[in-house]
Amino acid sequence: MTVESLRAQYALFRRLRWLGVVLFLCAIPVPVGVILAAALHDGRWAWLIPTIGCFGLSLGTFGTANDTAIFALRELAKREPLAPEAEAELRQEVAKRPERLLEVHSSPKAAFIFPLLAIALIGWMAMRIAGAWTA
């Protein structure tokens, strides 16, 4: 990878990882809605199983984007001096998890697929919950 592509990859996935935080926050009301709908309406308790996927995919969104960003940052640091903000992030990673920094790998395809799956599952569950309340 070139230095420019590493810079672009770091910049993109550094921002994309926060989509996982937003998706996690969107996933929090899903099990609450399922429990309320099941208790008050039609008793579809099996809908709790996909809510685990809502949380897992949102966390996976953050994790894969974060790993890809950290990988690009690590490789970029080997090739050129980093910007102060990036240098601070790399120092924090070295201080907290030095062994993880050596093992981290890039997964850009997964970092794009996980948010799509999370959005689809959270949206599907929201439609299921809304349908239970309107039925």
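Above this text you will find the structure in question.
Notes on the structure in this doc start here. This structure is a prediction, so every number in the text was calculated from the model and none was measured.

1. Regarding the overall build of the chain
Next, step 1: Counting its secondary structure elements, the chain contains 6 helices and 0 strands.
Next, step 2: Along the chain, from the amino end to the carboxyl end, the secondary structure elements read α-α-α-α-α-α.
Next, step 3: Relative to the globule expectation of 14 Å for 135 residues, the C-alpha radius of gyration of the chain, 19 Å, shows a markedly less compact shape.
Next, step 4: Seen through its C-alpha atoms, the chain measures out along the principal axes to roughly 60 × 25 × 20 Å.
Next, step 5: Counting over 135 residues, the chain shows a buried share of 39%.
Next, step 6: Contacts spanning at least 24 positions in sequence make up 82% of the contacts within the chain whose residues lie at least 6 apart.
Next, step 7: Distance between charge centres in the chain, computed from 14 positive and 11 negative side chains, equals 4 Å.

2. Description of the nonpolar core
Next, step 1: Grouped together as the largest cluster of nonpolar side chains are 18 residues, with contacts concentrated most on Tyr-10, Phe-13, Leu-73 and Leu-82.
Next, step 2: Among the secondary structure elements, those contributing two or more residues to this core are helix H1 (3-27), helix H3 (48-79) and helix H4 (84-96).
Next, step 3: Ranked by residues supplied to this core, first place goes to H3 with 7 residues.
Next, step 4: Other than its neighbours up to four places away in sequence, Phe-13 contacts Ala-65, Thr-68, Ala-69, Pro-108, Ala-111 and Phe-112.
Next, step 5: In this structure, Leu-23, Ala-37, Ala-118 and Ala-132 belong to the second largest nonpolar core, which totals 14 residues.

3. Thoughts on a nonpolar patch on the surface
Next, step 1: Taken together, Trp-18, Val-21, Leu-25 and Ile-28 make up a surface patch of nonpolar side chains, about 380 Å² in accessible area.
Next, step 2: In this structure Leu-25 comes out as exposed when scored by relative accessible area, which is 53%.

4. Looking at the packing of H3 against helix H6 (residues 108-134)
Next, step 1: Contact geometry for H3 and H6: axes closest at 8 Å, N-to-C directions at 155 degrees. With respect to each other, H3 and H6 are oriented roughly antiparallel. Between H3 and H6 lies a crossing of left-handed hand. Residue-level inspection shows Pro-50, Thr-51, Gly-53, Cys-54, Leu-57, Ser-58, Gly-60, Thr-61, Thr-64, Ala-65 and Thr-68 of H3 in contact with H6, the latter providing Pro-108, Ala-110, Ala-111, Phe-114, Pro-115, Leu-117, Ala-118, Leu-121, Ile-122, Trp-124 and Met-125.

5. Things to note about the packing of aromatic side chains
Next, step 1: Counted under the stated rule, the structure contains 3 aromatic pairs.
Next, step 2: Seen from their ring centres, Phe-13 and Phe-112 are 5.4 Å apart, and the 55 degrees between their planes marks the pair as tilted. Of the two residues, Phe-13 is situated in helix H1 and Phe-112 in helix H6; the sequence distance between them amounts to 99 residues.
Next, step 3: By relative accessible area, which is 44% here, Phe-112 ends up partly exposed.
Next, step 4: Ring geometry for Phe-24 against Phe-55: centres 5.3 Å apart, planes inclined by 55 degrees, an arrangement best described as tilted. With Phe-24 in helix H1 and Phe-55 in helix H3, the pair connects residues that are 31 residues apart, well separated along the chain.

6. Regarding the environment of Leu-90
Next, step 1: With respect to the helices and strands, the residue Leu-90 is situated in helix H4.
Next, step 2: The exposure class assigned to Leu-90 is buried, which follows from its relative accessible area of 11%.
Next, step 3: Along the sequence, Leu-90 and Arg-74 sit 16 residues apart, while their C-alpha atoms lie 7.3 Å from each other.
Next, step 4: The contact partners of Leu-90, leaving out residues within four places of it in the chain, are Leu-73, Ala-77, Leu-82 and Leu-101.

Procedures and definitions
- Residues numbered from 1 in each chain as written.
- Predicted model: local features only at pLDDT ≥ 70, side-chain atom pairs only at ≥ 80, totals over all residues.
- Heavy atoms only, no water.
- Helix = DSSP H or I, 4+ residues; strand = E, 2+ residues; numbered from the N terminus.
- Rg over C-alpha atoms; globule rule 2.2 N^0.38 Å.
- Buried < 20%, exposed > 50% of the residue type's maximum accessible area, 1.4 Å probe, protein only.
- Contact = heavy atoms within 4.5 Å.
- Lys, Arg positive; Asp, Glu negative; His and termini not counted.
- Charge placed at Lys NZ, Arg CZ, Asp CG, Glu CD.
- Core = buried A, V, L, I, M, F, W, Y, C linked by side-chain atoms within 4.5 Å.
- Patch = residues over 30% accessible without salt bridge, like charges linked within 9 Å, V, L, I, M, F, W, Y side chains within 5 Å.
- Areas by Shrake-Rupley, 256 points an atom, 1.4 Å probe, with all protein chains shown as cover.
- Salt bridge = Lys/Arg side-chain N within 4 Å of Asp/Glu carboxyl O.
- Axes fitted to C-alpha atoms, helices over the stretch in contact; angles between N-to-C directions.
- Parallel < 35°, antiparallel > 145°, perpendicular 65-115°, else oblique.
- Left-handed = near helix turned anticlockwise from the far one by under 90°.
- Phe/Tyr/Trp six-rings, centres within 6.5 Å; stacked < 30°, edge-to-face > 60°.

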